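# Fold and geometry: a report
Spelled out, the chains give:
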Amino acid sequence: MVKPRNLNQQSNRIAAITQKFAETFGSPPTFIASAPGRVNLIGEHTDYNDGYVFPVAIDKYINIAARQRTDRRVILHASDVNDASEFDLDALHSIPQQAPAWSHYLIGVASLLQASRRKIAGIDAVITGDVPIGAGLSSSAALSVAATLAFLTAGSELEVLESENGKKELAALCQRVEHEFAGVNCGIMDQTISLLGKENHALFLDCRSLEYEHVPLNLAGHYITICNTKVKRELAASEYNKRRAECERGVDILSQWIPGISSLRDIDLTDFKKHEEELPALTQKRCRYVIEENTRVLEAVSVLKAPTEKTDEALIQFGNLMNASHNGLRDDYEVSCKELDLLTEIARSITGVIGSRMTGAGFGGCTVSIVHKDALETFQTRVRKEYHEQIGIDPEIYLCHVGDGAQVFWSSELS
């Protein structure tokens, strides 16, 4: 059974990667750049529509152990996939033809940091992590953020991390890495929460202005529990781009009746219902989901900020909003799949589960559920048994703590 994570787990990871670096390069690293994955509690597919999201940083990390080189070379070892790559900071005109896909993120980070006139340096580095790849927990954003910290640390440019505006700048840079070097036209949520996460708080983020608020999570004996379907559809990326195009199409059409709008974020539900019949049926469904989801995020933040004596009532309301979010993702946005739907159905049938929904881009990946501590054993037993009986796969279950955002650990302070 999954037990609450040991709070010293990150220390264990750092010790392990320090040892791996010494084995690879002959001596210890100077520092470890660490960035967490994330799970979004509510507000899915709203980020690229300038909307609202509500993610948390989880205690799963990409760690990069590194030290500065005296030349401009970058020597990388990805220990989890037993692969290596290297490149020259003075020759980043294009991605080397033989560069493995994971290295594109580091090449992109280095290229954009230099273009923004940030001082960076060559490094020796070992990369490892336990953010599941392809599970919708933002392993790629965590890799980009950790790489950004590694290059800035080697170049003695860490002052950019000392301000909110600096972190926002870096989040935007890491988003560009996804767009320009990985071909994924994503929003900015993942990079922002990886940089700005705060222990035991969710991040209420306005994806247009990048204004944010850390909202305390008074979970009152409940745990954030993530279930990995262990499936990932190849169509996820292409369908993601189709959804974005449909949303943009809806804005273009509705602007004839609602002047001044530039995204679905600008349309409230009342105005949408007045004009929704002007849209093609498919576009109407896509837009309806996003507009309703933005409303749900605002309601979720409101209920979770309720007085402490109303915590139980607030959590029930929050769980209902999570359930409604999944229903919209399944029926209107159509990015769920049978495996995600099954996991949410099992979860919702268990006493002590207040809400369950898919999280991430969809078509596989993970669900997130809020589960009372007294129901954890039942939850794990039933999810494993019933999912395996119907799908034939053993799901992975992660009981997550909500942690801080990206940070740098100096080896001299850890020894």
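These lines cover the structure that appears in this document, whether it is placed above or below. Since the model is a prediction, treat every value here as computed from it, not as a measurement.

Rules used in this analysis
Residues numbered from 1 in each chain as written. Predicted model: local features only at pLDDT ≥ 70, side-chain atom pairs only at ≥ 80, totals over all residues. Heavy atoms only, no water. Pairing = 2+ DSSP bridges. Helix = DSSP H or I, 4+ residues; strand = E, 2+ residues; numbered from the N terminus. Contact = heavy atoms within 4.5 Å. Axes fitted to C-alpha atoms, helices over the stretch in contact; angles between N-to-C directions. 1 Å grid on protein atoms, 1.4 Å probe; cavity = no way out; pocket = protein on both sides within 12 Å on 5 of 7 lines; lining within 4 Å. Points joined across faces, edges and corners; volume = space filled by probe spheres on them. Left-handed = near helix turned anticlockwise from the far one by under 90°. Nonpolar A, V, L, I, M, F, W, Y, C, P; charged D, E, K, R; others polar.

What follows concerns the sheet that holds strand S2 (residues 52–53). Pairing in this open sheet of three strands is antiparallel, and the strands run S2-S7-S8 from one edge to the other. With partners counted over all chains shown, the strands left at the sheet margins are S2 and strand S8 (212–216), one partner each. In the sheet, S2 pairs with strand S7 (residues 201–206) via two bridges, with the strands oriented antiparallel. Counted as the bridge partner of Tyr52 is Asp206 from S7. Contacts from helix H5 (residues 189–196) reach S2, S7 and S8, with the element oriented near 135° to S7.

Here the focus is empty space enclosed by the protein. Summed over the entire model, instances satisfying the criterion amount to one cavity of 30 Å³ or more. Put simply, the largest cavity is a space of about 60 Å³. Around the largest cavity sit Asn218, Val303, Leu304, Ala306, Pro307, Thr311, Ala314 and Leu315, which together line it. Those elements that place two or more of their residues in the lining of the largest cavity are helix H8 (281–304) and helix H9 (311–331). With three residues, the single largest contributor to the lining of the largest cavity is H9.

Quick look at the packing of helix H10 (residues 338–348) against helix H11 (residues 376–391) now. Contact pair H10 / H11: the axes reach a minimum separation of 10 Å and the direction vectors enclose 145°. Here H10 and H11 pass one another in a crossing that is right-handed. Where H10 approaches H11, its residues Lys338, Glu339, Leu342, Leu343, Ile346 and Ala347 are matched on the opposing element by Phe379, Arg382, Val383, Glu386, Tyr387, Gln390 and Ile391. The residue inventory of the contact of H10 with H11, partitioned by class, reads eight nonpolar, one polar and four charged.

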